[in-house]
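# Coordinate analysis (summary)
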Amino acid sequence: MVIDLSPLDRKVLRDLWRMRSQAFAIALVIAAGVGMVVMSVGMMRSLDATREAYYDRYRFADIFAPAKRAPKNVLDEIKNLPGVGPVEGRITAGATLDIAGIAEPITTRIHSIPMAREPRLNALVLRSGRWPDPARPDEVLASEKFAEAARIGPGDGVDALLYGKRQHLRVVGTVLSPEYIYAIGPGQIFPDNRRFGVLWMGEEHLAASLDLTDSFNEALVRIDRSADATDVIRRLDSLLARYGGAGAYRRSEQISDRYVTNELAELQTMTRILPPIFLGVAAFLINMVLSRLIDAEHEVIGLLMAFGYRGNAIMLHYAKIAVALSVPGLGLGILLGSLLGRGIASIYQEFFVFPFLTYRAGLDAYALACTVTLVVVLLGVFQSVRRVRRMTPVEAMRPPLPPDYAGGVARLIGKMRILDEPTRIILRGILRRPFRSGLGALGVAAALGLYITSAGSRDNVAKLIEILFDQSNRADVMVTFAEPRDQRALFELQRAPGVWRVEPIRTIGAKLTGNRRSKSEGLTTASAGSDLNRVVDIDGAIIDPPARGVLVSEGLSNELGVTRGDTIEVQVTEGNRARFSLLVADTIESAVGSPAYVDDAMIAAQLHQVPLLSGAYLGVDVARVDELCRYLKAVPIVAGVSLRAASRNGIEATIGETLGIVTLFNTGFSALIVFGVIYNNARISLAERSRDLASLRVLGYRRSEVSYILLGELAIISIIGLPVGVVLGYFISHYISSVLGGDLFTVPFGLTQATVAQAVLMVLLAAAITALFVRRRLDRLDLVAVLKSWD
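Remember, predicted model here, so these are calculated numbers, not experimental data. (Residues numbered from 1 in each chain as written. Predicted model: local features only at pLDDT ≥ 70, side-chain atom pairs only at ≥ 80, totals over all residues. Heavy atoms only, no water.)

This part takes up the overall build of the protein chain. Looking only at helices and strands, one finds 23 helices and 23 strands in the protein chain. Excluding contacts between residues fewer than 6 apart, the proportion of contacts in the protein chain whose partners are at least 24 apart in sequence is 83%. A total of about 34,300 Å² of accessible surface is found on the protein chain, and carbon and sulfur atoms cover 57% of it. (Helix = DSSP H or I, 4+ residues; strand = E, 2+ residues; numbered from the N terminus. Contact = heavy atoms within 4.5 Å. Areas by Shrake-Rupley, 256 points an atom, 1.4 Å probe, with all protein chains shown as cover.)

Turning to the environment of G565, a few remarks are in order. Relative to the helices and strands, G565 resides in the loop between α16 (554-560) and β19 (567-572). In the structure, G565 is positioned 21 residues away from D586 in sequence and 7.7 Å away in space, judged by C-alpha atoms. With residues near it in sequence (within four places) discarded, G565 still touches L583 and V584.

With that settled, the discussion passes to the sheet that holds strand β10 (residues 215-223). Strands sit in the order β2-β10-β1-β11 across an open sheet of four strands; the sheet is antiparallel. Looking at which strands have only one partner, the edges of the open sheet turn out to be β2 (84-90) and β11 (249-250). Running at roughly 10° to strand β1 (residues 63-71), helix α6 (residues 229-240) makes contact with β1, β2, β10 and β11 of the sheet. (Pairing = 2+ DSSP bridges. Axes fitted to C-alpha atoms, helices over the stretch in contact; angles between N-to-C directions.)

Before going further, it helps to examine the pattern of salt bridges. Scanning all chains against the criterion turns up 22 salt bridges. Between D48 and R51 there is a salt bridge whose closest N-O contact spans 3.3 Å. Within this pair, D48 and its partner R51 are both found in helix α2 (residues 20-57), separated by three residues, close to a single helical turn. Note on R51: relative accessible area 9%, which makes it buried. Where R51 meets D257, a salt bridge forms, and the shortest distance between an N and an O atom there is 3.6 Å. Of this pair, R51 sits in helix α2 while D257 sits in helix α7 (residues 255-295), and the two are 206 residues apart along the sequence. Salt bridges sharing partners connect three or more residues here, namely D48, R51, E52 and D257. (Salt bridge = Lys/Arg side-chain N within 4 Å of Asp/Glu carboxyl O. Buried < 20%, exposed > 50% of the residue type's maximum accessible area, 1.4 Å probe, protein only.)

The next subject is the sheet that holds strand β15 (residues 510-513). Pairing within the open sheet is mixed, and its eight strands lie in the order β14-β17-β21-β18-β20-β19-β15-β16. Lying at the two open borders of the sheet, with one neighbouring strand each, are β14 (507-508) and β16 (518-520). Looking at chain direction, strand β17 (residues 523-526) and strand β21 (residues 596-599) are connected through four bridges and run parallel. Residue A526 lies in a different strand from β21, and its bridge partner there is D599. Running at roughly 85° to β21, helix α17 (residues 600-607) makes contact with β14, β17, β19, β20 (579-588) and β21 of the sheet.

With respect to the helices and strands, the residue Q571 is situated in strand β19. A residue is classified by how much of its surface remains accessible, and Q571, at 18% relative accessible area, is buried. Every residue in contact with Q571, bar those within four places of it in the chain, is listed here: G509, A510, K511, R577, A578 and R579.

As a further point, take the environment of Y182. Structurally, Y182 is set in the loop between β8 (165-176) and β9 (196-202). Sequence-wise, Y182 and V353 are 171 residues apart; in three dimensions their C-alpha atoms are separated by 7.1 Å. Once residues lying within four places of it in the same chain are set aside, the contact partners of Y182 are I189, F190, P191, S256, Y259, V260, E263, F351 and F352.

Quick look at the nonpolar core now. Counting residues in hydrophobic clusters, the biggest one holds 49 residues, and the most contacted among them are L47, Y54, Y182, Y348 and F352. Among the elements of the structure, α2, α7, α9 (311-352), α14 (434-472) and α21 (703-739) are those that each provide at least two residues to this core. Shared between two domains, this core takes at least three residues from each, and those domains are domain 1 (62-256) and domain 2 (472-649). Of all hydrophobic cores here, the second largest spans 27 residues; its members include V38, Y359, A365 and V381. (Core = buried A, V, L, I, M, F, W, Y, C linked by side-chain atoms within 4.5 Å. Domains from an automatic or database assignment.)

For the rest of this paragraph, the subject is α9. For α9, built from 42 residues, the straight-helix expectation of 62 Å at 1.5 Å per residue is met to within 8% by its first-to-last C-alpha distance of 57 Å. Most pronounced at S326, the bend in α9 amounts to some 25°, and the proline P328 follows within four residues. Positive backbone phi, at 60°, marks V353, one or two positions downstream of α9. (Expected span 1.5 Å × (residues − 1). Bend = angle between axes of the 7 residues up to and from the residue.)

Our focus in this paragraph is the environment of G498. Topologically, G498 is positioned in the loop between α15 (488-494) and β13 (499-505). Accessibility expressed as a relative area gives 12% for G498, which makes it buried. Placed 129 residues apart in sequence, G498 and E627 show a C-alpha to C-alpha distance of 7.7 Å. Ignoring any residue separated from it by four or fewer positions in sequence, one finds G498 in contact with G619, V620, D621 and R624.

Before going further, it helps to examine a nonpolar patch on the surface. Together, V727, Y730 and F731 make up an exposed nonpolar region whose accessible area comes to about 310 Å². Its location among the elements puts F731 in helix α21. (Patch = residues over 30% accessible without salt bridge, like charges linked within 9 Å, V, L, I, M, F, W, Y side chains within 5 Å.)

Attention now moves to the packing of aromatic side chains. Taken as a whole and judged by the stated rule, the model has 12 aromatic pairs. Consider the rings of F64 and Y249, whose centres lie 5.6 Å apart with planes at 10°: the pair is stacked. Of this pair, F64 sits in strand β1 while Y249 is found in strand β11, placing the two residues 185 residues apart along the sequence. Measuring from centroid to centroid gives 6.2 Å for Y180 and W200, while their planes differ by 80°, and the two rings are edge-to-face. (Phe/Tyr/Trp six-rings, centres within 6.5 Å; stacked < 30°, edge-to-face > 60°.)

Another point: the side chain of E139. Of note, E139 is situated in strand β6 (residues 139-143). Take E139: its relative accessible area is 3%, and that puts it in the buried class. Among the polar contacts listed, one links the side chain of E139 to the backbone nitrogen of D133, at a separation of 2.7 Å. (Polar contact = N/O pair within 3.5 Å; in protein donor to acceptor, adjacent residues only side chain to side chain.)

Turning next to unusual backbone geometry. Unusually for a residue other than glycine, D211 sits at a positive phi of about 60°. One can find D211 in the loop between α5 (203-210) and β10. Residues other than glycine seldom take positive phi values, yet V353 does so here, at roughly 60°. With respect to the secondary-structure elements, V353 resides in the loop between α9 and α10 (363-389). Exposure remark for V353: the relative accessible area of 12% places this residue in the buried category.

With nine of nine residues buried, β10 is to be regarded as a mostly interior element. Where β1 lies against β10, six bridges are found, and the strand directions are antiparallel. Bridging from a neighbouring strand, A65 pairs with A219 of β10. Here five bridges tie β2 to β10, and the two strands are oriented antiparallel to one another. Looking across to β10, one finds that E88 is bridged to L220.

Right, let's get into the packing of helix α13 (residues 421-432) against α21. The relative placement of two packed helices is expressed as an angle between their axes plus a distance between the axes. Contact geometry of α13 with α21 gives a least axis separation of 9 Å together with a crossing angle of 50°. The angle between the axes of α13 and α21 places the two elements in the oblique class. As for how α13 packs across α21, the hand of that crossing is right-handed. Packed against α13, whose contacting residues are P422, T423, I425, I426, L427 and I430, the element α21 presents Y708, I709, G712, E713 and I716 at the interface. Partitioned by chemical class, the residues of the contact of α13 with α21 number eight nonpolar, two polar and one charged. (Parallel < 35°, antiparallel > 145°, perpendicular 65-115°, else oblique. Left-handed = near helix turned anticlockwise from the far one by under 90°. Nonpolar A, V, L, I, M, F, W, Y, C, P; charged D, E, K, R; others polar.)

Here it is as C-alpha cells:
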C-alpha cells in the first residue's frame, strides 16, 4: 500500500530528519517539564490516597482520649454519646528495652491488645510470625521497622523496664499500625527505628503490670461522618475529667498523623510551585527555539507563498512540524514521570511505613502537562509564521540585508585595535541583535535557576540540622522521665557516670485558646543562660525566655490568632488542671514545632507547686557515653534516652534516602533542560549564521577562527546568563523555603556557594559538550552548498 503524501507533508518529513539532533534536544527539554509535573502530581496523589485507604481499611481512630485510670464500664457511656461510633479502651505505657548490641536503652511505647481477638480500632497488619498466645503473657508483637533496625524477630527475647519493673518479653510477630506511619519517640523529630519502638502486649498481662485490671487509660473513638468532632471532644473531656482525663484530641493532633500531614502538605506545596515553574520554563524555551527555527526559514516560507500556498496551509505545515517535534518529548516525559513518580512514592512508602501503595496520578495531570506544552508551542509557531506572512513573497525570499554597523557602538568596537577581527565580529554580532541575544541569555539563566532551586533544597535541610543540633540542642544525652519528678532527680543525674552538666526539661500538657481557636500544645519551660538547650530562632539567634508571659512561635500565633500583647487562655490538662491567662510577650520563628516558651519559675508560681521535671539535658564526657547508658538502663524513673549524635546520624540517613533521591531526580530534570537549552541555542545560531560563516571561510578565515566566532558568541551569551540565573535561582529557592513548613517545621534558607558553583559548572560543562558537537558540524560544512542554501 503506497501512501500518497502531499508536497508539504513530504517537506515535513525531510525537515524532521534534517533537524533530528535539535529534535532530540527539544524532546529532552519537553520531557523534563512534563516529567516533573507527572512525577510530582503522581507521587503526591499516591501518598495521599494510600494514607486514606490505610486509615479506612484498618479503622484508624478519629479521636484519642487519654486518662489516668478509668473503669471499663465508662466505655458504654462513651458509646452513648451523640455522634460516636465504635469505641475501644486500651492501656498505653512507656518503657525502656535492653537489647544486646545497642548501648543505650531503647525508648518504647507499649499498647494493650485484646487476648481473644484483633483490635476493633487501630487494627494491626501482621507482617511476620503470629499473634500472641493468650496463655503466654510474656509474648508481644513488635513494630516491623523497629524489629528490623534492632535486628530482632519472632522468637527473640528482650528485657523491658516497665514502670520500675523488669520483665523478660518474647517477640512472636512483627506488625504495622496506622497509628505509627511516622514513628517518633520523645525528643525526636525524625523516625529513628533503632532507638524507638512500639510493642503490643496482651491486655491482661499489661493491666496487671500497671495495676490497671478492668480499667483503661486511653479510649479510641470513631465518629459518624456527620458528627461534630469538637462537640464529641467536649463531652469526652467532661466524662473523663473525674478519671484524670488529660484532654481528648482528634486524629489531626495525633503525633504520627500530624507529622505525615505536615510532610504531605510540604510535598503538596512543592507540587504547586516547582512543577509549574519547570513546565513554564520548558514551554518558554521551546517557544523561543521554535520561533527562531521558523524565523530562519523565512525564505522557504516566501517561496511557498510564491507557489500559491495560502497562509493557513503554511501555518498548518509548521504546526505539524512543531507537534511532531513535541510528541517524543511528551511521550518520554509521561513515561519518565510515571516511572519516577511511582518509584519515589515507593521510597516514601518505606519512609512512612505503609503496608501497600495505591498509585494514582490521574488523567488530568497528563492532560494538563500536554495541553500547556502544545498550546505554548503552537503559539510560538503562529507568531513566527504571522510575521513572515506580512511580507510579500519577494520580500520573504530575499536574503537578509547585511547588518548596519554604522552605529556608535559598532564604530567604537571597530576602533578597539586591541581586539582581533574575529573578536570584534563576535561583539558586533551580539549587539546587532540585542533582543535575540537577550533571549538566549535568558534561556540559559532560566535553566541555571531551576538547577540551583532543585539542588538548593539539600542546603536548606542541612541548615535546619545545623540549627537543631549545633545551636539549639547541644546536650549529648536527653533523658525523659516516666512521670514528672522534683529537683532531686537532677542531683541523682549529676552523680551519673560521665555527666558534667545537667539542665532540666519541663513540658506541661495544656489547651491554649486565643482569638480564633483552641489547640492542644504543651508549654515548654526555659531558663535564661541555658547552654545545653537554647531557644533559637530560624536565623540562629539565641532568644531568652520572657520573665513574664509567654514566647509563642509564629506558627502557633497564627493558628490561635494572637500577636504580641494579646492574651492566651491556658487550661492545663494534667495535675491540678489549673486555668490562667498568659500575656504574649513576643513571637519567634521556630525551626521545629509550634512551641510556647515560659519561664520555669513563673509557671511554677502559676501552678502553685514547686518546679517539676519531665526530663533532663545532660552534658556528657564522650568517652563515657556507653557507661552512662548502662547506668540509665537500671534507673526505674527513666522512660526514654536520646543521644544527640545518634539522632543527628539518623536524621541525615533518613534525609539521604528520601530528600536526596527526590532532589537527584529534580536536578536530573534541571540538567536535561540546561543541556537542551544550550545545545538548541548553538544549533539554531549555526543555522542562522551558516551563510556568514561560509563567506568568512571563502574570504580566507581558518576553521579555528570561524569556530571561535560562533562558539565565542555562544560563550558570551551563556556567561551573561550566569549571574542572572544565579539571582533567579536564589530568589526562587528563597521563596520556596519561605512557603514550606507547617506547624512542625519551618525550613530555613541555606543556599550555599558550593551549590551555586556546582550549578555554574554544570552549565559550563553543557556548553563545552555542545561546543564539541558544533565544532564537528562546522568542520564538515560544504562551502558551496552553504552559500546556496541554509544547512
